[in-house]
Amino acid sequence: MNPWETHEVHNQFDELRDVNLLGADPALQEALARAGAQAWVPQLHRYAHDLGSSAAWELAHWANTAGPQLQRFDARGRLRETVEFHPAWHALLGMYRAQGLVSLPFDNAQPGRFSAWAAGFYLHGQVEQGTLCPATMTTAAIGLLRQEPALWAQLKPGLFSPSYDSRDLPCSQKTSLWIGMGMTEKQGGSDVRANTTTATPVAAGGRGGAYLLRGHKWFFSAPTSDAHLVVAQLADGSGPACLWVPRWRPDGTRNSIRIQQLKDKLGNRSNASSEVEFQDAWGVLVGEEGRGIPTIIEMAAMTRLNCVLGSAAILRTATVQALAYARQRRAFGKVLVQQPLMRNVLADLALESEAAMTLGMRLAQAFEHAASPLEQAWKRMLTPAAKFWICKRATALVAEAMEVMGGNGYVERSVMARLLREAPVNSIWEGSGNIMCLDVLRALARDPEGAACLLHDLQQHCEGVPVLHNTLQALAAALRQPAAQLEAQARHWVQQLVLAAQAGLLLRHAPQAVAQAFVRSRLGSSSCGWVVGALDVQGGDVEAILQRALPQ
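The paragraphs below set out a description of the structure included in this document. Bear in mind that the values here come from a model prediction, so they are computed numbers and not experimental data.

**Digging into the overall build of the protein**
The number of helices and strands found in the protein is 20 helices and 11 strands. For the protein, whose C-alpha radius of gyration is 24 Å, the value lies close to the compact-globule estimate of 24 Å for 552 residues. Within the protein, the fraction of its 552 residues that count as buried is 57%. Long-range pairs, those at least 24 residues apart, make up 72% of the contacts in the protein with a sequence separation of at least 6.

Now the structure itself:
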């Protein structure tokens, strides 16, 4: 023994790696079966195996540690405005693209495709989140761009391609394409109608016509995308418009989109977000003149579902890592997971994680079957509600999971530090909490028949569960009030709506120990409130919940 070795390292455990993320998640397997997505399960298992490997975790670490770097000029002073990424970023994007997930919801009519896509997105998000930003925007753009026949004919091959092409070239020369968004400006934030960027027609203008954009975007993600969908005011004063703005002009010259700087963000560090100026940048009008916001909202509806799934993925990783650590680490003479209070905390994390995933997967089914009035109500009313609640909960519960690992969770090399930095972004992107709650109220007010249909569907799970019945009765009574009267309490009622939906789904699909513990702890006067680990459950129920979360 070296005489200068002061101690032996013991009772220290690395984070859980080299595990099949789908194989270790019975709740997700059941959700795929319910959606009829069995055709994709073998492929998802292979992808989950690759994602859970040590190699994938290392890629995630380096993509976030190195981060993108803006190179505005080349070595001789020529303006280039390129963004350089660590090779790990390209490797992770290539992994995602190769699965065909970018276009999966749109490239065939096979049942279960939305759920298979949602599961793939959720699995990827458990390991690395920044790469899901361009993936989110590209998938969401497909539904919008399909409505523009001439543009779609040019773009479809690149959008549906499973290859990965990182080259900075015109769209016509690329084997695959990524799409970004440009909505937010300094003065407006979420108020897109306050945008000042203008779009002036090159000739006649109109749908499919060319425009020149002049102005700025305060958040422009990701700047290396092959094109962006941008909201700008039409120069004739007819209102906001949505425009397709490529990185390269049709004549093969770089479009005049000047990158001012990359954002120095709290989290989402692997992904590049930028500030840009348009100096008569060339674009094509998508949708009708003056209808830019309703046009882009079609895209935002799906990106909000991505936020739900992304937050559920973060919460799943935090829960699994905390549980795996607690099953090995000893303190005060016992393994942590044997400590009654620690078991309560872990079980509470597991309940929140399964409820988040189950609601996200249910919403994916609603998107697939949106022609049904009931499914449209789930999609329109519960997507913004779920984005509000699940994205908020992820931040708080990741902090609790970090605490399970103590100081080991607080150091930068721990995945928990990255998860905690990452978690808040989904609450902010695509509309903050207040915006989501007001959107829910608008949807309920505009479609009272859909709201009634949704509440009736939720009530189907109330039999024998008085607290859920009472919650829904109170919710129905509140929603009969004018929206203006509800606004100040919108967060409370949207929270109740989400909790009722999650409770109903778990009562229908989850083991009794999971469903009953969720209902008791989240609904009614006996709910444990905000403190994680205040469950009123018996020992056998706790063990069942923990085994459900991560089978040993």
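After presenting the structure, the write-up continues.
**Observations regarding the state of the cysteines**
Evaluation of the coordinates by the stated rule reveals 0 disulfides. No disulfide involves cysteine 171; its sulfur sits 15 Å from the nearest other cysteine sulfur, which is in cysteine 242.

**What to know about unusual backbone geometry**
Residue serine 221 is joined to alanine 222 through a cis peptide bond whose omega torsion reads -25°. Relative to the helices and strands, alanine 222 is located in the loop between β5 (210-221) and β6 (227-234). Located in the positive-phi region is aspartate 18, a residue other than glycine, with phi close to 55°. Within the element layout of this structure, aspartate 18 appears in the segment before α1 (26-34). A positive phi angle is found at asparagine 268, which is not glycine, with a value near 50°.

**Regarding the pairing of strand β7 (residues 240-246)**
Taken across its 7 residues, β7 has 7 buried, putting it largely inside the fold. Pairing analysis gives 7 bridges linking β6 to β7, with the strands arranged antiparallel. Paired with leucine 229 across the strands is tryptophan 244, a residue of β7. Joining the antiparallel neighbours β6 and β7 is a turn of 5 residues, in which glycine 237 adopts a positive phi near 85°.

**Concerning helix α15 (residues 448-459)**
Residues lying three or four places apart along an α-helix face the same way, a consequence of the helix completing one turn every 3.6 residues. The end-to-end C-alpha separation of α15 is 16 Å, in line with the 16 Å expected for 12 residues at 1.5 Å each. Every buried residue of α15 is listed here: Gly450, Ala451, Leu454, Leu455, Asp457 and Leu458. All buried residues of α15 project into a common sector of 155° when viewed along the axis, lining one side. With respect to the buried face of α15, the exposed residues turned more than 90 degrees away are Pro448 and Glu449.

**Observations regarding the environment of methionine 402**
As for its position among the elements, methionine 402 is in helix α10 (residues 373-404). For methionine 402, a relative accessible area of 8% puts it in the buried group. It is 7.2 Å that separates the C-alpha atoms of methionine 402 and alanine 322, two residues lying 80 residues apart in sequence. Leaving out residues up to four positions away in the same chain, methionine 402 has contacts with Gly409, Tyr410, Met416, Ala417 and Leu420.

**A short note on the packing of aromatic side chains**
Throughout the structure, instances matching the rule amount to 8 aromatic pairs. Aromatic side chains phenylalanine 106 and phenylalanine 114 sit 6.1 Å apart centroid to centroid with 70° between the ring planes, which places their arrangement in the edge-to-face category. Owing to a relative accessible area of 15%, phenylalanine 106 belongs among the buried residues under this scheme. Accessibility expressed as a relative area gives 6% for phenylalanine 114, which makes it buried. Geometrically, the ring pair formed by phenylalanine 220 and phenylalanine 278 is edge-to-face, given 5.9 Å between the ring centres and 75° between the ring planes. Taken as a pair, phenylalanine 220 in strand β5 and phenylalanine 278 in strand β9 (residues 273-286) lie far apart in primary sequence, 58 residues in all. Grouping residues by exposure puts phenylalanine 220 and phenylalanine 278 together as buried.

**Section: the pattern of salt bridges**
This structure, assessed with the given rule, holds 28 salt bridges. Note that aspartate 226 and lysine 174 form a salt bridge whose closest N and O atoms lie 2.6 Å from each other. Note that aspartate 226 is positioned in the loop between β5 and β6 and lysine 174 in the loop between α7 (149-160) and β3 (179-182), a separation of 52 residues in sequence. Look at aspartate 226 and you get buried, because its relative accessible area is 4%. With relative accessibility at 10%, the residue lysine 174 sits in the buried group. When salt bridges that share partners are traced, they join Arg304, Arg380, Asp439 and Arg442 into one network.

**Things to note about the environment of tyrosine 410**
With respect to the helices and strands, tyrosine 410 occurs in helix α11 (residues 407-410). Residue classification places tyrosine 410 among the exposed positions, given a relative accessible area of 64%. A sequence separation of 10 residues divides tyrosine 410 from leucine 420, and the C-alpha atoms of the two residues are 9.5 Å apart.

**Some words on the nonpolar core**
Residues Trp117, Leu229, Trp244, Leu346 and Trp378 are the most contacted members of the largest nonpolar core, which totals 184 residues. With 18 residues, the single largest contributor to this core is helix α8 (residues 292-326). Sequence-distant contacts of leucine 346, that is, excluding residues within four places in its chain, are made with Ala322, Leu323, Ala326, Val337, Val404 and Leu546.

**Some thoughts on the environment of leucine 458**
Looking at the secondary structure, you find leucine 458 in helix α15. Residue class for leucine 458 comes out buried when judged on its relative accessible area of 2%. Distance in space between the C-alpha atoms of leucine 458 and methionine 402 is 34 Å, their sequence separation being 56 residues. If sequence neighbours within four positions are ignored, leucine 458 has contacts with Trp378, Leu472, Leu497 and Ala501.

**What about the packing of helix α3 (residues 54-66) against helix α4 (residues 87-98)?**
Remark: α3 packs on α4, axes separated minimally by 8 Å, with the N-to-C direction vectors making an angle of 130°. As judged from the angle between their axes, α3 and α4 are oblique. Judged by the twist between their axes, the crossing of α3 over α4 is left-handed. In this structure, α3 contributes Ala56, Leu59, Ala60, Trp62 and Ala63 to the contact, and α4 contributes Ala88, Trp89, Ala91, Leu92 and Met95.

**Side note on helix α9 (residues 340-368)**
A rise of 1.5 Å per residue sets the reference length of α9, with its 29 residues, at 42 Å; its end C-alpha atoms lie 43 Å apart and thus fit the reference within 8%. Counting buried positions along α9 gives 26 out of 29 residues, so the element sits mostly inside the fold.

**Describing the packing of α8 against α9**
Close contact between α8 and α9 brings their axes to 9 Å; oriented N to C, the two are set at 155°. Classified by the interaxial angle, the pair formed by α8 and α9 is roughly antiparallel. Crossing of α8 over α9 shows left-handed handedness. Facing Ala301, Met302, Leu305, Val308, Leu309, Ala312, Leu315, Arg316, Thr319, Ala322, Leu323 and Ala326 of α8, the residues of α9 in contact are Leu346, Leu349, Ala350, Glu352, Ser353, Ala356, Met357, Gly360, Met361, Leu363, Ala364 and Phe367.

The rules behind these values
- Residues numbered from 1 in each chain as written.
- Predicted model: local features only at pLDDT ≥ 70, side-chain atom pairs only at ≥ 80, totals over all residues.
- Heavy atoms only, no water.
- Helix = DSSP H or I, 4+ residues; strand = E, 2+ residues; numbered from the N terminus.
- Rg over C-alpha atoms; globule rule 2.2 N^0.38 Å.
- Buried < 20%, exposed > 50% of the residue type's maximum accessible area, 1.4 Å probe, protein only.
- Contact = heavy atoms within 4.5 Å.
- Disulfide = S-S within 2.5 Å.
- Pairing = 2+ DSSP bridges.
- Expected span 1.5 Å × (residues − 1).
- Arc of directions from axis to C-beta.
- Phe/Tyr/Trp six-rings, centres within 6.5 Å; stacked < 30°, edge-to-face > 60°.
- Salt bridge = Lys/Arg side-chain N within 4 Å of Asp/Glu carboxyl O.
- Core = buried A, V, L, I, M, F, W, Y, C linked by side-chain atoms within 4.5 Å.
- Axes fitted to C-alpha atoms, helices over the stretch in contact; angles between N-to-C directions.
- Parallel < 35°, antiparallel > 145°, perpendicular 65-115°, else oblique.
- Left-handed = near helix turned anticlockwise from the far one by under 90°.

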